[in-house]
Amino acid sequence: MTGPYEAGKSQMIYHITNGQCINIERRGTTIAMDHGLANVDGMSVFMFGTPGLLRFRTMRKILSSGADGIIFVVDSVDPDSDARAKLFFREIAFFLPGVPCVVAANKQDLQGARPIDSLRMNLRFLAGLPVFPVSAKTGENVDSMLRTLLYLVMMQWSTVFGKFAKYSGAKDGLKKLMKDLNLERDQAVGYLRRFELRKLLEVQVGDEQFKVKDAVRHLLEKPVSIMQR
Ligand SMILES: Nc1nc2c(ncn2[C@@H]2O[C@H](COP(=O)(O)OP(=O)(O)O)[C@@H](O)[C@H]2O)c(=O)[nH]1
Ligand SMILES: [Mg+2]
């Protein structure tokens, strides 16, 4: 979750995680990070919010590394924040090239919130990105925005996920994964680690075998089902 200060990043994490989150702040402004855990259809979603003040760039860089997806939050009401949003977007595009991104046009519950068309006119970087009119306060559209991002992220891994589901619990699961995806052992083990960390898999000691968590099996087999709710 990134974007300029006061756009509503901390509020958005609070909403998405049902308050199961922490915010390291001083006088209401995030100085280190927000962190929270959400559960979407049985899948654990680890959320990290960046500080929005320009001088905390190093913290943003650290928090960005390893991100699977980005929610870029902009303030729909305050045109003065547009210049900061542009700077931030340039930074994030540099830190995370090719990482799926959705834009939250936040504070749509307020009078004077600019419609998406008008935001697109002022913020050229929005071209080609999905922009959702949302409110972190009322929750309007937040769920569909999050699900769309999760879908985009999962689609990048759909081939791998399909094989995870296929060889879950199989003897020599790792070898079968390597063969089907034409991977070296190191690379295949890297994939297991990555998705073990994200709580999609359990990996056996020795790495030869892995098991998909029951709660997420249907998502790995059919990522699009995250959109159907
Ligand atoms: N009306 C309204 N206020 C919001 C919304 N999201 C955030 N705010 C308010 O905007 C201010 C900044 O929010 P915060 O989450 O701290 O922004 P951050 O700096 O991006 O983390 C706070 O006073 C929030 O209560 C929203 O969707 N609607
Ligand atoms: Mg904050």
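Above this text is the structure in question.
What you see is a predicted model; the values in this text were computed from it and never measured. (Residues numbered from 1 in each chain as written. Chains lettered and ligands numbered in written order. Predicted model: local features only at pLDDT ≥ 70, side-chain atom pairs only at ≥ 80, totals over all residues.)

Caption draft 1: Geometry of the sheet that holds strand β3 (residues 43-49). If you trace the 3 strands from one edge of the open sheet to the other, you get β1-β2-β3, paired in antiparallel fashion. For this open sheet the edge positions go to β1 (21-26) and β3, each flanked by a neighbour on one side alone. Each strand of the sheet is rotated relative to its neighbour by a mean of 10°, with strand direction disregarded. Judged from the 5 bridges that link them, β1 and strand β2 (residues 29-40) form a sheet pairing that is antiparallel. In the sheet register, Cys21 faces β2, and the bridge partner there is Gly36. Each of β1, β2 and β3 is contacted by helix α1 (residues 9-16), which is oriented at about 25° to β2, the strand it contacts most. (Pairing = 2+ DSSP bridges. Helix = DSSP H or I, 4+ residues; strand = E, 2+ residues; numbered from the N terminus. Axes fitted to C-alpha atoms, helices over the stretch in contact; angles between N-to-C directions. Contact = placed C-beta atoms within 7 Å.)

Caption draft 2: How the structure looks around the nonpolar core. By size, the foremost hydrophobic cluster in this structure holds 51 residues, and its most contacted members are Phe72, Val74 and Ala104. Domain assignment of the residues forming this core places at least three in each of domain 1 (9-155) and domain 2 (158-227). Ignoring sequence-local partners within four residues, the contact set of Val74 consists of Gly3, Ala7, Ala85, Val103, Ala105, Asn106, Leu119 and Leu123. (Core = buried A, V, L, I, M, F, W, Y, C linked by C-beta atoms within 7 Å. Buried ≥ 20, exposed ≤ 12 C-beta atoms within 10 Å, placed from the backbone. Domains from an automatic or database assignment.)

Caption draft 3: Structural context of the environment of Ala104. Locating Ala104 in the fold gives a position in strand β5 (residues 101-106). Classification of Ala104 as buried rests on a count of 29 C-beta atoms within 10 Å. Placed 28 residues apart in sequence, Ala104 and Ser76 show a C-alpha to C-alpha distance of 9.0 Å. When near neighbours in sequence (up to four residues on either side) are disregarded, Ala104 contacts Met12, Ile71, Phe72, Val73, Phe132, Val134 and Met145.

Caption draft 4: Main features of the environment of Val131. In this structure, Val131 sits in strand β6 (residues 131-133). Once the C-alpha coordinates of Val131 and Asp117 are considered, the two residues, 14 residues apart in sequence, prove to be 9.7 Å apart. In this structure, Val131 is in contact with Val103, Ala105, Ile116, Leu119, Arg120 and Leu126, ignoring residues within four places of it in sequence.

Caption draft 5: Representation of helix α5 (residues 142-156) within the structure. Counted at 1.5 Å a residue, the expected span for α5 with its 15 residues is 21 Å, and the 22 Å between its end C-alpha atoms agrees. Looking at the buried residues of α5, the elements they touch are α1, β2, β4 (70-75), β5, β6 and α6 (158-167). (Expected span 1.5 Å × (residues − 1).)

Caption draft 6: Broad picture of the pairing of β5. Counting buried positions along β5 gives 6 out of 6 residues, so the element sits mostly inside the fold. Across the two faces of β5 the burial is the same, with Cys101, Val103 and Ala105 and Val102, Ala104 and Asn106 all buried. Bridge count for β4 against β5 is 6 bridges, and the pairing is parallel. The partner of Ile71 across the bridge, within β5, is Val102. Looking at chain direction, β5 and β6 are connected through 3 bridges and run parallel. From the neighbouring strand, Ala104 faces β6, where its bridge partner is Phe132.

The values are spatial; any link to function lies outside them.
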